[in-house]
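Here's the letter readout for the chains.
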Amino acid sequence: MAGELTPSPLLSDALVILGAAGIVIPVFARFRITPIIGFILIGALIGPYGLGALVPRTPWLEHITITDSGVLTPFADFGIVLLLFAIGLELSFNRLWQLRRLVFGLGALELIIIGSSLAAFLGLSGMLGWTAALALGFSLAFSSTAIVLPISGTRTPVGRAALSMLLFEDIMIVPIIFILGALAPNARSEGWEGLIETLWQGGLVIAVLLVVGRLALPRLFAQAARTKNPELFLAASLLVVIGASLATALVGLSPIVGALIAGLLIAETEYHTEVELIMEPFKGLALGVFLITIGMSINLVEIGAQIGTLTLAVVGVLTFKALVTGILLWLMGARRSTAAETGVMMASPSETSLIVLSAATAALVIDSETAQFWQTVTAIGLTITPLLAKLGQVIARRVEPVSHLASEADSAEERTIIVGGGRVGRLVADMMQTHGQPYVMIDSNPDLIEQAQREGYRAIFGDAARRGTLTRLGAASAPAVVLTMDEPVLAQRLVIKLRETYPELLIVARARDMDHAAALYRAGASHAVPETLESSLQLSEAVLVDIGVAMGPVIASIHAKRDEYRDQLERDGGLSEKPKLKSSGLREREA
């Protein structure tokens with residue numbers, strides 16, 4: 001029958017990819033781990049070197065595995081194009097100017113020193129020719145924007161240092177990819193004619209893209225925006241990125257050069273935020289396909305056979321990058337703890353390393369066997385980056401334990417103890433200062449403490465979960481202990497410990513939701529405040545009043561719903577009376 005959908009290997013592979021994305025993204029998000037790691041592991045599991053190798057003996061595995069990773073190559077290439085387009089969108093002259101000293105000072109030194117040093121080692125050792133050594137050295141010098149920034153954030157000293165280096169690396173993708181793209185059609189040529197022709201034609205195309213883009217893109221997206229049709233906006237975005245990629249590909253440059261330029265041009269328009277949002281799902285899925293193909297290239301048998309060499313390569317690259325980055329940060333005035341943590345966290349190669357390796361392989365600069373070995377090294381480094389971040393925090397505490405703050409802990413003053421120096425902890429401290437109440441804030445993150453002290457908070461470094469810490473802070477005589485951190489398990493453990501040690505202590509704890517609040521009450525909390533409850537009630541009140549419902553009935557229904565939650569907490573929390581769940585009541589009094 002016409003139009004009948006029949007099973008095919010391509011359709012089966014597409015279902016496997018979509019199924020993998022549907023599993024990886026929510027599961028890893030649940031544990032606050034980047035999906036990049038999940039996609040690589042899934043690729044290794046379902047690929048031709050994983051379960052796919054068992055298909056001849058177990059035919060049913062064909063439906064949940066991919067035995068030929070080559071069929072995904074076009075989708076993986078499109079994923080690379082969209083990733084470079086997204087990097088271009090994230091760059092702007094304003095962000096670069098604000099961090100110009102760190103970006104063009106620290107970032108440049110870090111990339112140049114690491115890249116050239118690795119290239120010199122590879123070239124002088126005779127393992128690779130100088131062109132291949134330079135390509136490989138600089139590819140390994142990149143660090144993962146997609147993994148590091150979600151872990152470090154951008155507001156802490158570690159986050160700002162990481163962001164500055166990653167921004168410079170993102171900028172340097174342009175000339176590196178440009179050079180490799182120019183080499184691609186001429187790598188086997190004996191002369192310079194082909195290379196020179198590609199360079200001048202590529203330069204001309206880029207100049208045309210820059211001029212036409214600045215003139216035409218604002219008008220194009222303005223017309224798309226006036227239609228208020230998201231499909232048309234998406235079509236315009238894809239037209240720009242694919243058109244620019246094809247333009248550079250036609251003159252012999254890599255298509256990802258065009259994608260980068262398209263992103264940079266759109267980043268300078270007022271429509272860049274909308275383009276980022278509308279392209280995000282496609283970029284994430286396409287990047288996932290690319291990472292799955294990288295995972296498929298990991299041959300577990302070969303890893304076992306080369307475990308010694310791979311371990312030496314991974315440890316060598318990570319150690320060298322961590323030392324160089326940490327020393328540079330320290331020489332530029334960063335604290336030892338910040339330099340150590342940032343260096344370790346930035347030590348792994350990145351998804352950009354995989355892109356540069358792919359470009360170098362396509363340019364015939366690096367042979368496929370060498371590229372596969374270093375792709376495996378990079379994949380291993382990416383997978384352990386979250387562990388490196390934890391290791392960096394541990395090392396930071398060892399190299400600079402913030403001992404100069406110890407005297408603050410021995411104060412005999414009766415003061416409220418605020419556990420957690422984040423957003424909620426600072427808000428509580430602000431209210432304490434407003435009403436003249438003494439307090440002390442404690443956190444195990446040295447960067448949060450350093451920032452809080454600079455902003456005038458009375459904050460000290462320490463691990464509240466460690467035995468004796470809260471006792472030294474004066475928990476026995478404290479008016480209250482306020483737990484503000486967003487760590488449900490740790491909060492519950494601290495409540496149990498505090499209640500056992502200080503039966504009469506007022507313990508106020510931040511709860512994630514109603515179930516967590518009930519668990520905290522059972523653990524012994526005096527008050528557990530679900531952060532989602534009052535905000536939900538206030539949102540309901542605001543929308544009902546503003547759409548015309550009378551204030552009186554709205555307030556009555558809010559009271560009824562709050563009482564319903566109090567009954568639930570009394571029942572689930574094992575309380576002898578209903579807990580206090582009241583807002584300030586300002587609007588109620590005004591009514």
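Everything in this summary refers to the structure shown in the same document. (Residues numbered from 1 in each chain as written. Predicted model: local features only at pLDDT ≥ 70, side-chain atom pairs only at ≥ 80, totals over all residues. Heavy atoms only, no water.)

1. Some remarks on the overall build of the protein
Thinking step 1. Scanning the protein for helices and strands turns up 27 helices and six strands.
Thinking step 2. Considering the protein as a whole, with its 591 residues, one finds that 48% of them fall into the buried category.
Thinking step 3. Here the analysis covers contacts within the protein between residues at least 6 apart in sequence; of these, 68% occur between residues at least 24 apart.
Thinking step 4. For the protein, the accessible area works out to roughly 29,000 Å², and carbon and sulfur atoms hold 63% of it. (Helix = DSSP H or I, 4+ residues; strand = E, 2+ residues; numbered from the N terminus. Buried < 20%, exposed > 50% of the residue type's maximum accessible area, 1.4 Å probe, protein only. Contact = heavy atoms within 4.5 Å. Areas by Shrake-Rupley, 256 points an atom, 1.4 Å probe, with all protein chains shown as cover.)

2. Notes on the pairing of strand β2 (residues 439–443)
Looking down a regular strand, the side chains alternate between one sheet face and the other.
Thinking step 1. The buried fraction of β2 is high, at five of five residues.
Thinking step 2. Alternating residues of β2 divide into Y439, M441 and D443 and V440 and I442, and every residue in both groups is buried.
Thinking step 3. For the segment spanning strand β1 (residues 416–419), helix α20 (residues 423–434) and β2, crossover handedness is right-handed.
Thinking step 4. Bridge analysis of β2 against strand β3 (residues 459–461) gives three bridges, and the strand direction is parallel. Looking at the pairing, M441 lines up with A459 of β3.
Thinking step 5. Considered for its hand, the β-α-β crossover made up of β2, helix α21 (residues 446–454) and β3 is right-handed. (Right-handed = clockwise from strand over helix to strand, strands pointing away. Pairing = 2+ DSSP bridges.)

3. A few points about empty space enclosed by the protein
One way to see where empty space is left: roll a probe the size of a water molecule over the atoms.
Thinking step 1. Evaluated as defined, the whole model comprises one cavity of 30 Å³ or more.
Thinking step 2. Lining the largest cavity, in full, are M485, D486, E487, P488, R510, A511, R512, H516 and E531.
Thinking step 3. Broken down by class, the residue content of the lining of the largest cavity amounts to three nonpolar, one polar and five charged. (1 Å grid on protein atoms, 1.4 Å probe; cavity = no way out; pocket = protein on both sides within 12 Å on 5 of 7 lines; lining within 4 Å. Points joined across faces, edges and corners; volume = space filled by probe spheres on them. Nonpolar A, V, L, I, M, F, W, Y, C, P; charged D, E, K, R; others polar.)

4. Side note on the packing of aromatic side chains
Thinking step 1. Here the structure, examined in full by the defined rule, presents two aromatic pairs.
Thinking step 2. Ring centres 5.2 Å apart and planes at 90° place the aromatic pair F373 and W374 in the edge-to-face group. No difference in accessibility class separates F373 from W374, as the two residues are buried. (Phe/Tyr/Trp six-rings, centres within 6.5 Å; stacked < 30°, edge-to-face > 60°.)

5. Comments concerning the packing of helix α12 (residues 272–296) against helix α16 (residues 351–362)
Thinking step 1. It is at 12 Å that the axes of α12 and α16 come closest, and there the two elements cross at 75°. The orientation of α12 with respect to α16, classified from their angle, is roughly perpendicular. Facing F290, L291 and I294 of α12, the residues of α16 in contact are E351, L354, I355 and S358.
Thinking step 2. Per-class residue counts for the contact of α12 with α16 are five nonpolar, one polar and one charged. (Axes fitted to C-alpha atoms, helices over the stretch in contact; angles between N-to-C directions. Parallel < 35°, antiparallel > 145°, perpendicular 65-115°, else oblique.)

6. A short note on helix α14 (residues 307–331)
Thinking step 1. In this model, α14 (25 residues) spans 36 Å end to end at C-alpha, consistent with the 36 Å of a helix rising 1.5 Å per residue.
Thinking step 2. Those residues of α14 that fall on the buried side of the exposure criterion are L310, A313, V314, V317, L318, K321, A322, V324, T325, G326, L328 and L329.
Thinking step 3. G333 occupies a position one or two residues after α14 and carries a positive phi of about 100°. (Expected span 1.5 Å × (residues − 1).)

7. Section: the sheet that holds strand β6 (residues 527–530)
Thinking step 1. In spatial order, the strands read β3-β2-β1-β4-β5-β6; together these six strands make up an open sheet with parallel pairing. At either margin of the open sheet sits one strand with a lone partner, and together these are β3 and β6. This sheet shows a mean twist of 20° between the axes of neighbouring strands, independent of strand direction.
Thinking step 2. When β1 meets strand β4 (residues 481–483), the two strands line up parallel, connected through three bridges. In the strand pairing of β4, V419 is matched with L483.
Thinking step 3. Where α21 meets the sheet, it contacts β2 and β3, and its direction lies at approximately 155° from that of β3.

8. Here's the deal with the pattern of salt bridges
Thinking step 1. Per the stated rule, a full pass over the model turns up one salt bridge.
Thinking step 2. In this structure, the salt-bridge partner of R512 is D486, at a minimum N-O distance of 3.0 Å. Here D486 lies in the loop between β4 and α23 (488–501) and R512 lies in the loop between β5 (507–511) and α24 (514–523), a separation of 26 residues in the sequence.
Thinking step 3. Relative accessible area serves as the criterion here: at 29%, R512 is assigned to the partly exposed category. (Salt bridge = Lys/Arg side-chain N within 4 Å of Asp/Glu carboxyl O.)

9. Some remarks on the pairing of β5
Thinking step 1. Most of β5 sits inside the fold, with five of its five residues counted as buried.
Thinking step 2. Of the two faces of β5, both are covered, the one formed by I507, A509 and A511 as well as the one formed by V508 and R510.
Thinking step 3. With three bridges joining them, β4 and β5 adopt parallel strand pairing. Bridge pairing in β5 places L483 opposite A509.
Thinking step 4. In this region the chain leaves β4, passes through α23 and returns to the parallel neighbour β5; the handedness of that crossover is right-handed.

10. Topic: the side chain of S353
Thinking step 1. Inspection of the secondary structure puts S353 in helix α16.
Thinking step 2. With relative accessibility at 0%, the residue S353 sits in the buried group.
Thinking step 3. Within polar-contact distance, the side chain of S353 engages the backbone oxygen of S139 at 2.5 Å.
Thinking step 4. Aside from chain neighbours lying at most four places away, what touches S353 is S139, L140, F142 and T378. (Polar contact = N/O pair within 3.5 Å; in protein donor to acceptor, adjacent residues only side chain to side chain.)

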